[in-house]
Amino acid sequence: SRCESTEEYDYDYLSINKTWVLTPKAQETDATQILNALLKNYDNKLRPDIGIKPTFIDVDIYVNSIGPVSVIQMEYTIDIFFAQTWYDRRLRFNSTLKALTLNTNMVSRIWIPDTFFRNSKRADSHWITTPNQLLRIWNDGKVLYTLRLTIEAECLLQLQNFPMDTHSCPLVFSSYGYPREEIVYRWRRYSIEVSDQRTWRLYQFDFTGLRNTSEVLRTGAGEYMVMTVSFDLSRRMGYFAIQTYIPCILTVVLSWVSFWIKRDSTPARTSLGITTVLTMTTLSTISRKHLPRVSYITAMDLFVSVCFIFVFAALMEYATLNYLVGNKKPLEHNNRKARLPPAGAQVMPSFTTININNIMHWPPEIEEDEDEDPGSPCLEGKECERFFCCIEDCQTGMWREGRVRIHISRLDSYSRVFFPTAFLLFNIVYWIAYLYL
């Protein structure tokens, strides 16, 4: 009985094996006969339904990845699976097979659309390990042709709001030679799909969405159907905040330290001012290395330029203070000489007795001001009080009425309030304008 069961098992295995082998052979023969019959009188130089009606091509795109985006070259790289579907009545067949899935050898044997990408700079089709192409023919004449492409396409970036800018990078394609009367492209309802965005190499950008449109382009050769897919990108500004914005702000704040240094410390204040100016010059040069040589001002250019103006103004503030105070001392010295009595005149000494705690001091000691401030007091008189009291010639009529009284010696004190307040107001207006307006 054991021997009989073994023979019965072998017989069943052989019968199953025969069925598994014979069926594919029959289908292979049928598929070969179908292809030979289809290609016997087929002319791949002519489009389907030529002279009868236009050929409608349905387009599907699967976005495998996007990036990187080159700001300097104004281009981006995209990897897609591009699928086109149309009907060719010459490829109908009657068989138990519903569809024939074929390799790239059949692509050159039948008619395919002459689709090209209008804004591509370079495009490559993948060939490893075999050409990444698919051709599928259904028994009702429906044809599906897909291929994988890596395209470097143009993307004209408008950098006025850089680095807080958003862009829409298009991928534009159409027929190269067939006008709208012969080929019509159509989008399906869900024509575009995207893969997992975590594998994309966008680096400085975030993908925010896409749009697909179609339009008619009128040229001298005719009217063409143009299909466009626009990928919306928003720039991440973290890199630029670390590399440019924060260093610029810190450099401006560092330039304010000179307002708390004594005005007699000329080397310290001059060195600090020149260092901050040179630092801002370097930051301005570095910030432009990541941009093309555009003729308009970007948002970063505006910020760096204003920071440079603040730093340079802090240096000029000390130069102005040092110049005016230095010119004022000779005037005071001359005034003191003018108060001395003329030679040969009889001068009667006058002394004052001051009683402090029953101690008599005679003659009185002249108290010197702790902080010599040659430029702080304004000349007395109603007429001078309304003038801009910078130097001691208010009464000579050199200054016009209506000026504000400003003491030159207090210029550092004014700067300690004016510079931080002005810079804070600039930042509030700047960030609100570029982020929210």
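Higher on the page you've got the structure.
This structure is a prediction, so every number in the text was calculated from the model and none was measured. (Residues numbered from 1 in each chain as written. Predicted model: local features only at pLDDT ≥ 70, side-chain atom pairs only at ≥ 80, totals over all residues. Heavy atoms only, no water.)

The next thing to look at is the overall build of the chain. What the chain contains, in helices and strands, is six helices and 13 strands. Put simply, 74% of the contacts in the chain that link residues at least 6 apart link residues at least 24 apart. Within the structure as shown, the chain displays about 27,600 Å² of accessible surface, and the carbon and sulfur contribution to it stands at 56%. (Helix = DSSP H or I, 4+ residues; strand = E, 2+ residues; numbered from the N terminus. Contact = heavy atoms within 4.5 Å. Areas by Shrake-Rupley, 256 points an atom, 1.4 Å probe, with all protein chains shown as cover.)

Further remarks concern helix 3 (residues 266–287). Between its terminal C-alpha atoms helix 3 stretches 32 Å, which fits the 32 Å expected from 22 residues at 1.5 Å a residue. Those residues of helix 3 lying buried are Arg-269, Leu-272, Gly-273, Thr-276, Val-277, Met-280, Leu-283 and Ser-287. For helix 3, the angular spread of the buried residues around the axis is 125°, confining them to a single face. Across from the buried face of helix 3, at angles greater than 90 degrees, the exposed residues are Pro-267, Leu-278 and Thr-285. (Expected span 1.5 Å × (residues − 1). Buried < 20%, exposed > 50% of the residue type's maximum accessible area, 1.4 Å probe, protein only. Arc of directions from axis to C-beta.)

Glancing now at the state of the cysteines. Scanning the entire structure with this criterion turns up one disulfide. Sulfur-sulfur distance for the disulfide between Cys-155 and Cys-169 comes to 2.1 Å. Note on the Cys-155 and Cys-169 pair: the S-S dihedral is about -75°, so by sign convention the disulfide is left-handed. With Cys-155 in the loop between strand 7 (142–154) and strand 8 (166–175) and Cys-169 in strand 8, this pair connects stretches of sequence that are 14 residues apart. Each of the two residues, Cys-155 as well as Cys-169, counts as buried. Of all cysteine sulfurs in the structure, the one in Cys-248 sits closest to Cys-307, which takes part in no disulfide; the separation is 4.9 Å. (Disulfide = S-S within 2.5 Å.)

Across all of its chains, the model carries 29 aromatic pairs by this definition. With a centroid separation of 6.1 Å and an interplanar angle of 85°, the aromatic rings of Phe-173 and Tyr-185 are classed as edge-to-face. One end of the pair, Phe-173, is in strand 8; the other, Tyr-185, is in strand 9 (residues 183–194), with 12 residues separating them in the sequence. A relative accessible area of 0% places Phe-173 in the buried class. Put simply, the rings of Tyr-245, Trp-256, Phe-259, Phe-303, Phe-310, Phe-418, Phe-419, Phe-423, Phe-426, Tyr-430, Trp-431 and Tyr-434 touch in pairs and so form one group of aromatic residues. The ring of Trp-138 carries Lys-142 above its face, with NZ or CZ at 4.9 Å from the centroid. (Phe/Tyr/Trp six-rings, centres within 6.5 Å; stacked < 30°, edge-to-face > 60°. Lys NZ or Arg CZ within 6 Å of the ring centre and 35° of its normal.)

Ile-61, Tyr-76, Ile-80 and Leu-171 are the most contacted members of the largest nonpolar core, which totals 85 residues. When residues of this core are assigned to their parent elements, the largest contribution, 10 residues, is made by helix 4 (residues 299–339). Those residues within four positions of Tyr-76 in sequence are excluded, and the remaining contacts are Ile-66, Pro-68, Val-69, Ile-151, Glu-152, Ala-153, Glu-154, Cys-155, Cys-169, Pro-170, Leu-171 and Phe-231. (Core = buried A, V, L, I, M, F, W, Y, C linked by side-chain atoms within 4.5 Å.)

Let us now look at the pairing of strand 8. In terms of residue burial, strand 8 counts as a mostly covered element, since seven of its 10 residues are buried. Sheet topology note: the strand 4 (residues 115–117)/strand 8 ladder contains three bridges and is antiparallel. Looking across to strand 8, one finds that Thr-115 is bridged to Ser-175. As paired elements, strand 8 and strand 11 (residues 222–235) share nine bridges and run antiparallel to each other. (Pairing = 2+ DSSP bridges.)

Attention now goes to unusual backbone geometry. Following Gly-67, the chain continues to Pro-68 via a peptide bond in cis, the omega torsion being 0°. Inspection of the secondary structure puts Pro-68 in strand 1 (residues 55–70). Between Ile-128 and the following residue, Thr-129, the backbone shows a cis peptide bond with an omega angle of -5°. Along the chain, the position of Thr-129 falls in the loop between strand 5 (120–125) and strand 6 (133–138). At Asp-49, a position not held by glycine, the phi torsion is positive, near 55°.

All right, on to the environment of Trp-138 then. With respect to the helices and strands, Trp-138 occurs in strand 6. According to the relative accessible area criterion, Trp-138 is partly exposed, its value standing at 23%. Between the alpha carbons of Trp-138 and Leu-97 there is a distance of 8.5 Å; along the sequence they are 41 residues apart. With near-sequence residues (within four places) excluded, Trp-138 lies in contact with Leu-91, Phe-93, Lys-98, Ala-99 and Leu-144.

Turning our eyes to something else, we now look at the packing of helix 2 (residues 238–255) against helix 6 (residues 411–436). Axis separation between helix 2 and helix 6 bottoms out at 12 Å; the angle between their running directions is 160°. Classified by the angle their axes make, helix 2 and helix 6 are roughly antiparallel. Regarding helix 2 and helix 6, the two cross each other, and that crossing is right-handed. Residues Tyr-245, Ile-249 and Val-252 of helix 2 pack against Phe-423, Asn-427, Tyr-430 and Trp-431 of helix 6. (Axes fitted to C-alpha atoms, helices over the stretch in contact; angles between N-to-C directions. Parallel < 35°, antiparallel > 145°, perpendicular 65-115°, else oblique. Left-handed = near helix turned anticlockwise from the far one by under 90°.)

Treat this as a map of the structure, not an account of what it does.
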